[in-house]
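Residue-level structure breakdown
Each chain, letter by letter, is given below.
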Amino acid sequence: MNRCDPKNKRMQVMLENAAMFSDVEFQVGPDGESIFGLKAIFARASEVFSKMFFEGGFREQHEVTPRVVVKIIDVMPDSFKQLHRWVYDMDVSLTWGTVFGVLDAARKYMVEDLELTCRRWIASEARRPEGAVGTFAAAVAGGWIVWRDALRPRVLLAGAAALAACPEVLAMMPCEDFLKLLSSEDLCAAREEDVLLSAQAWSAAATDRGEDPAEAWQKITEADVIHFNLLEPRYFAEQVVMPGRLTQEQSLAVFVARALGSGPSRKTSLLARLQLLLRETSAEDATSIIEPLQEFRNEDNYPRMLAHSLVQKALADHEHTSEWVGMWIELWGALRAAGLRDECVRATVDHCQNLFEEDPPAEGLVGVWICPSDTLGLVRVLCQLNELRKLAVLPLVKVLEALVRKAEDSAPQGGAACDPTASAKELAAYLEKIRARNGHLTALQNLPSLQQRLEALLVTTSAPQEAWKRLTTHMTCNSSSSKCLKNCLSS
C-alpha cells in the first residue's frame with residue numbers, strides 16, 4: 001500500500017481520529033472495548049456490514065443515537081483492530097499470536113481480501129520450520145482445532161529440532177498437544193537430544209501456564225516420550241543424571257539398558273525417515289542420498305511413501321526443482337535392479353497429478369491450491385517431468401486449464417490463496433515453447449484459447465497483485481520473534 005498516496009493519507013487521518021469521524025461504535029470482546037468507525041467504510045469492505053447498516057431487517061438501522069452501537073462479543077479487540085485498519089486501507093500487523101483471530105474475524109464478516117491475506121501469510125510462514133511450530137502453537141493456544149490439525153503435519157516434518165529451537169513457543173502449548181507431537185511416529189527426530197531439549201523447555205516454562213515445573217516434567221517421564229537410552233552417555237549424565245531429572249534407580253536402568261543394547265528404540269514411520277533424510281540434504285547434494293533412500297526399499301508402501309517425500313521436498317525447495325527431479329531420475333534407475341523402478345515412477349507421477357486433481361480441505365492452510373509457492377513448485381515439477389519424458393503434454397494442458405479456471409472463479413473475491421494466475425503464466429510459457437517445437441501436437445489444440453483467457457485474467461488482476469506486493473512489503477511481521485507469540489497469547 002502506497003503511503004505517499006494522498007488518498008491513503010486522508011484515510012489514515014480518519015482512522016487515527018476515528019472517534020471524531022464516526023457514526024458507529026463497536027463494543028468488542030468480553031469487556032466491550034469501544035472501537036469507532038464509519039458505517040459506509042465498513043459497508044464498502046464487507047457485505048455483512050453493508051446489510052447490517054443499510055438493508056432492511058437489521059436492528060442497527062433503526063438506532064436514533066448519534067452513533068449506532070454494535071456489540072461483538074465473539075471477536076477479540078486486537079483482532080478486530082486489524083480488521084478495522086484493513087477496511088480503512090491501512091497496513092495490518094500479522095503475527096503468530098494474532099493471525100488466527102484476524103482470519104476468523106475476516107471470515108465472519110466476509111472481508112474476503114483480508115481472509116486471503118491471512119491465508120497466504122500462514123501458508124508462507126508454515127513453509128519455515130520455526131513458522132510451522134509458531135503457527136501451530138498459536139492455533140493450539142487459541143483453541144482453533146481445525147487449523148491446529150491442518151498445521152500438525154508441517155510441525156512433524158519440521159521435527160524435534162524445530163521444537164527444541166522454539167522454547168518460548170512451546171511454553172504456551174498444553175500437555176496433551178505437546179505429548180502427541182513427541183509420541184507421533186511421523187515426528188522427524190534425527191537426534192534424541194532434540195527431543196530431550198524440547199521436553200526440558202516445555203516443562204521449564206510450566207509456570208507460564210500456571211503449572212508446577214516438577215509436575216510437568218513428571219508427565220514427560222511418565223509418558224515415555226523420551227528414550228533416554230538413545231542419548232549419548234556423557235550428555236545423558238550431564239543433562240539428566242546430574243540435575244536429578246531421574247531417580248537413581250531410573251538412571252541406573254538406563255545405563256544398564258544401553259550397555260546391554262536392550263533399551264527401546266524410537267518408533268518412526270517410513271515417511272518420517274524418508275522425510276528426515278531429504279530434509280537434511282541440499283539440492284546441490286541431492287544425488288548423495290540416492291543410496292540411503294534405497295535402503296528402505298523392502299518396507300511396505302515404499303513406492304508411495306517415497307513419492308510423497310520426494311514431491312514434498314521439491315515443493316519445499318521449488319527454486320531447485322530441476323536438481324531434485326534430476327535426482328529422481330537417477331534414483332529410479334538405481335531401483336531397476338530391485339524391480340521397483342516402474343512402480344516408483346508411476347507412484348510419483350500419480351501423486352503429482354492427484355495433488356492438482358484433488359480439492360484441498362475446506363479448512364486447509366498449507367499445500368497445493370492453498371500456498372502459492374507449493375502450487376508454483378508443483379507446476380515446475382510437472383514441467384521437469386515432461387522435459388525428462390516421464391509425463392505427457394496432455395496432463396500439463398489439463399493442469400493449465402484447472403489453474404485458469406481457478407483464477408477465473410476466484411477473481412470476484414480478489415483471487416485465490418494459491419495465486420493460480422502466476423503458476424498458470426509460467427506453465428503457459430512452457431507449453432508455448434513446446435508448441436513452437438511441435439506445433440502439430442493434438443494435445444495443444446486448446447492452448448490458444450487458454451492463453452487468451454489467461455491474458456484477460458492478467459489484465460484484470462494486475463492491480464490487485466501489485467497491491468498485494470505493496471502490502472506484504474509494508475506489512476509488519478513479528479513472527480520471527482518467539483517472544484511475540486508468548487506475549488500475544490498471555491495478554
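Turning to the overall build of the chain, a few remarks are in order. Along the backbone of the chain there are 24 helices and five strands. With respect to the principal axes defined by its C-alpha atoms, the chain has extents near 85 × 75 × 40 Å. Put simply, the chain has 491 residues, and 49% of those count as buried. Sequence-distant contacts in the chain: of pairs separated by 6 or more residues, those separated by 24 or more amount to 70%. Carbon and sulfur atoms provide 51% of the accessible area of the chain, an area that totals close to 23100 Å².

Orientation of helix H5 (residues 99–108) relative to helix H6 (residues 112–125), taken along the N-to-C sense of each, is 150°, at an axis distance of 8 Å. Considering the angle they form, H5 stands roughly antiparallel to H6. Relative to H6, the crossing made by H5 is left-handed. Counting all contacts with H5, which are made through Val99, Phe100, Val102, Leu103, Ala106 and Arg107, the residues of H6 involved are Leu114, Glu115, Cys118, Arg119, Trp121 and Ile122. In terms of residue class, the contact of H5 with H6 is built from nine nonpolar, no polar and three charged.

Counted by the stated rule, this structure contains one cavity of 30 Å³ or more. Lining of the largest cavity is provided by Phe228, Asn229, Leu231, Pro233, Phe236, Val254, Phe255 and Arg258. Mapped by element, the contributors of at least two residues to the lining of the largest cavity are helix H13 (233–241) and helix H14 (248–260). Partitioning the lining of the largest cavity into residue classes produces six nonpolar, one polar and one charged.

For the pair helix H17 (residues 302–316) and helix H20 (residues 372–387), the least separation of the axes is 8 Å and the interaxial angle reads 115°. In the crossing of H17 with H20, the sense of the turn from one axis to the other is right-handed. Residues Val311, Ala314 and Leu315 of H17 pack against Ser373, Asp374, Gly377, Leu378 and Val381 of H20. Residue composition of the contact of H17 with H20, by class: five nonpolar, two polar and one charged.

For the rest of this paragraph, the subject is the nonpolar core. Residues Phe26, Phe80, Leu83 and Phe228 are the most contacted members of the largest nonpolar core, which totals 83 residues. Here the element with the most residues in this core is helix H8 (residues 145–164); it accounts for nine residues. Apart from residues lying up to four places away in sequence, phenylalanine 26 is in contact with Glu33, Ser34, Ile35, Phe42, Phe49, Phe53, Val70, Ile72 and Phe80.

Of note, threonine 281 is situated in the loop between helix H15 (270–279) and helix H16 (290–294). A residue is classified by how much of its surface remains accessible, and threonine 281, at 9% relative accessible area, is buried. If we skip the residues at most four places from it in the chain, threonine 281 touches Ala286, Ser288, Ile289, Lys313 and Trp324.

The next thing to look at is helix H11 (residues 192–204). Spanning 13 residues, H11 covers 18 Å between terminal C-alpha atoms, matching the ideal 18 Å at 1.5 Å per step. Counting buried residues in H11 gives 11 out of 13 residues, a clear majority hidden from the surface. Looking only at H11, the buried set comprises Glu192, Glu193, Asp194, Val195, Leu196, Ser198, Ala199, Gln200, Ala201, Trp202 and Ser203. Tucked into the core, H11 has its buried residues touching H8, helix H9 (167–170), helix H10 (175–183), helix H12 (213–223) and H13.

This part is about the pattern of salt bridges. Overall, the coordinates contain 27 salt bridges when judged by the stated rule. Residues arginine 152 and aspartate 149 are paired through a salt bridge, measuring 3.1 Å at the closest nitrogen-oxygen approach. Of this pair, arginine 152 and aspartate 149 both sit in helix H8, three residues apart, roughly one helical turn. Classification of arginine 152 by relative accessible area gives buried; the value is 11%.

What follows concerns the environment of phenylalanine 296. Along the polypeptide, phenylalanine 296 turns up in the loop between H16 and H17. By relative accessible area, phenylalanine 296 is classed as buried at 15%. Between the C-alpha atom of phenylalanine 296 and that of alanine 150, which follows or precedes it by 146 residues, the distance is 28 Å. Dropping the residues within four chain positions of it, phenylalanine 296 is found in contact with Leu270, Arg273, Leu274, Leu277 and Tyr302.

On the basis of which strands lie adjacent, the open sheet formed by three strands has the order S2-S1-S3 and mixed pairing. Pairing within the sheet leaves two strands with one partner each, and these edge strands are strand S2 (33–37) and strand S3 (68–72). For this sheet the average axis-to-axis angle between neighbouring strands, irrespective of direction, equals 25°. Across five bridges, the pairing between strand S1 (residues 24–28) and S3 is parallel. Within the sheet, the bridge partner assigned to phenylalanine 26 lies in S3 and is valine 70. The strands that helix H4 (residues 77–87) touches are S1, S2 and S3; relative to S2, the one it contacts most, it runs at about 5°.

Scoring rules and cut-offs
- Residues numbered from 1 in each chain as written.
- Predicted model: local features only at pLDDT ≥ 70, side-chain atom pairs only at ≥ 80, totals over all residues.
- Heavy atoms only, no water.
- Helix = DSSP H or I, 4+ residues; strand = E, 2+ residues; numbered from the N terminus.
- Buried < 20%, exposed > 50% of the residue type's maximum accessible area, 1.4 Å probe, protein only.
- Contact = heavy atoms within 4.5 Å.
- Areas by Shrake-Rupley, 256 points an atom, 1.4 Å probe, with all protein chains shown as cover.
- Axes fitted to C-alpha atoms, helices over the stretch in contact; angles between N-to-C directions.
- Parallel < 35°, antiparallel > 145°, perpendicular 65-115°, else oblique.
- Left-handed = near helix turned anticlockwise from the far one by under 90°.
- Nonpolar A, V, L, I, M, F, W, Y, C, P; charged D, E, K, R; others polar.
- 1 Å grid on protein atoms, 1.4 Å probe; cavity = no way out; pocket = protein on both sides within 12 Å on 5 of 7 lines; lining within 4 Å.
- Points joined across faces, edges and corners; volume = space filled by probe spheres on them.
- Core = buried A, V, L, I, M, F, W, Y, C linked by side-chain atoms within 4.5 Å.
- Expected span 1.5 Å × (residues − 1).
- Salt bridge = Lys/Arg side-chain N within 4 Å of Asp/Glu carboxyl O.
- Pairing = 2+ DSSP bridges.

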